[in-house]
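Each chain is listed here by its residues.
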Amino acid sequence: MRSRELQQTGGAGPDPAGVRRRKAALIVQIASAEGHKLPLDRLSDEAQMSLAREIAQMPAVDRETLEQVAGEFSAELERIGLTAPSSMEEALTLLDGQISPRAAAALREEHERMTGADPWPRVLALPPEDLKPIMESESTEVSAVVLSKLPVAKAAELLGRLPGELARRITYAVSRTKDVSPGAVYRIGLALAETYGRPPSTAFTEKPGRRLGAILNSSGAQTRDEVLDSLRSEDPEFAEEVRKAIFTFHDLPRRLRKEDLAKVIRLVDGVDLTTALAAGLAEGGDGQIAADFVLDSISQRMAAQLRDEIAERGRVKKSEAETAQTNMITSIREAADMGEITLVSEDEEED
């Protein structure tokens, strides 16, 4: 094929759309010859079929035409200053953290209905604990389809969470899925994605334990201990969730990395730091361990200076100690929220 032939379409005169298709087919062939795999599956089925037909009908192309089309394509790329996301999923990835999870889920659902996109990834991405209600509330036939779509390991884990009789009925129903049509599977996936694939609407972004833990962080030690003791007798699991969210002066050795101590010293108000450490050393026990952790993790010169200030500070009132230690922890948490330091997570703490 020569350059002039590329501009014609069966001798019937100019055909801009046809020329674009032939040029696109040529670019795909060039990329494939170079070993590049293009994301053609993002195109509509009609566009993919049209492109394949064009490639199948394309005759030999001379080098002059090949270089001309490649040059036009390269020049077009250079003129592009900003490319928009090519799909809804890419747009949502771009906006991740800027729009709510519920809005993102609604947009995915809308996009699936309009384009016929596969809804199953949203369902299959649910953790086993969220898939369990589907198996318990939907028909055994629907549950059998879900089980068949899941990866083997995840399906096995899900079965292990179900009552024995229900698991038996669902696994038997798998034998009746051999004649289920692709259209039926699609409709089941769409219904499940709309019902279970959207995050629930909640008034609070933080878990209850974290919210209460944050409140108790700023409460007095006596109030904090009394609330935790009461929670342990009423709901031990929730009490443990709250305990993990609490970060007090006593928790410094477990939650703060030694390499961050020097930075923390600069962030905390000097008077609060001296008062908090003096109170900890005088308290003994966990308080002394926390204070020693701070002093032993910084330079000897800085530690000696702080010990001198602590000695000059003298006796610390309980109310002053609690205020200073709370202020110190607040400064540390703010630094962690800003990304200036990294606190040891609860999971790392348990390890």
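Above this text is the structure in question.
Residues numbered from 1 in each chain as written. Predicted model: local features only at pLDDT ≥ 70, side-chain atom pairs only at ≥ 80, totals over all residues. Heavy atoms only, no water.

Our next topic: the overall build of the chain. Looking only at helices and strands, one finds 22 helices and 0 strands in the chain. Looking at the chain as a whole, 32% of its 351 residues are labelled buried. Considering only residue pairs separated by 6 or more positions, the chain has 72% of its internal contacts joining residues 24 or more positions apart. Total accessible area computed for the chain in this model is approximately 21700 Å², and 52% of it derives from carbon and sulfur atoms. (Helix = DSSP H or I, 4+ residues; strand = E, 2+ residues; numbered from the N terminus. Buried < 20%, exposed > 50% of the residue type's maximum accessible area, 1.4 Å probe, protein only. Contact = heavy atoms within 4.5 Å. Areas by Shrake-Rupley, 256 points an atom, 1.4 Å probe, with all protein chains shown as cover.)

Tracing the chain through its elements places M58 in the loop between helix 3 (45-57) and helix 4 (63-79). For the pair M58 and A25, spaced 33 residues apart in sequence, the C-alpha to C-alpha distance is 8.3 Å.

Let's shift gears to helix 18 (residues 270-283). With 14 residues, helix 18 ought to run about 20 Å at 1.5 Å a step, and its terminal C-alpha atoms sit 20 Å apart, in line with that. Residues of helix 18 that are buried: D272, L273, T274, T275, A276, L277, A278, A279 and G280. Where helix 18 is buried, its residues touch helix 17 (261-267), helix 19 (285-296), helix 20 (300-313) and helix 21 (318-337). Its side-chain oxygen 3.1 Å from the backbone nitrogen of V271, D269 forms the N-cap of helix 18. Looking one or two residues beyond helix 18, the residue adopting positive phi is G284, at roughly 80 degrees. (Expected span 1.5 Å × (residues − 1). Polar contact = N/O pair within 3.5 Å; in protein donor to acceptor, adjacent residues only side chain to side chain.)

When you line up the elements, E54 lands in helix 3. Owing to a relative accessible area of 12%, E54 belongs among the buried residues under this scheme. Not counting residues within four places of it along the chain, the set of residues in contact with E54 comprises R21, R22 and A25.

In this structure, F249, L252, L256, L277, V294, M328 and I332 are the most contacted members of the largest nonpolar core, which totals 31 residues. For this core, the elements supplying multiple residues, two or more each, are helix 17, helix 18, helix 19, helix 20 and helix 21. With 6 residues, helix 21 is the largest single contributor of residues to this core. (Core = buried A, V, L, I, M, F, W, Y, C linked by side-chain atoms within 4.5 Å.)

Moving on, we get to the pattern of salt bridges. Taken as a whole, this structure holds 11 salt bridges when the rule is applied. The network of salt bridges with shared partners includes E129, E157 and R161. (Salt bridge = Lys/Arg side-chain N within 4 Å of Asp/Glu carboxyl O.)

As a further point, take the environment of T65. In this structure, T65 sits in helix 4. In this structure T65 comes out as buried when scored by relative accessible area, which is 1%. In this structure the C-alpha to C-alpha distance between T65 and L26, which are 39 residues apart in sequence, comes to 9.8 Å.

Relative to the elements of secondary structure, R187 occurs in helix 12 (residues 182-196). A sequence separation of 67 residues divides R187 from W120, and the C-alpha atoms of the two residues are 9.8 Å apart.

Let's shift gears to the packing of helix 18 against helix 20. Across the interface, helix 18 lies against helix 20 with an axial gap of 9 Å and an inter-helix angle of 75 degrees. Here helix 20 runs roughly perpendicular to helix 18, going by the angle between their axes. Taken together, the residues of helix 20 that come into contact with helix 18 (itself represented by L273, T274, T275, L277, A278 and L281) are L306, E309, I310 and R313. By residue class, the composition of the contact of helix 18 with helix 20 is 6 nonpolar, 2 polar and 2 charged. (Axes fitted to C-alpha atoms, helices over the stretch in contact; angles between N-to-C directions. Parallel < 35°, antiparallel > 145°, perpendicular 65-115°, else oblique. Nonpolar A, V, L, I, M, F, W, Y, C, P; charged D, E, K, R; others polar.)

This part takes up the packing of helix 18 against helix 19. Helix 19 packs onto helix 18 with a crossing angle of 130 degrees between their chain directions and a minimal axis gap of 6 Å. In terms of orientation, helix 18 and helix 19 fall into the oblique class. The crossing of helix 18 and helix 19 is left-handed. Here helix 18 contributes L277, G280, L281 and E283 to the contact with helix 19, which in turn contributes G285, G287, Q288, A291, D292, V294 and L295. (Left-handed = near helix turned anticlockwise from the far one by under 90°.)

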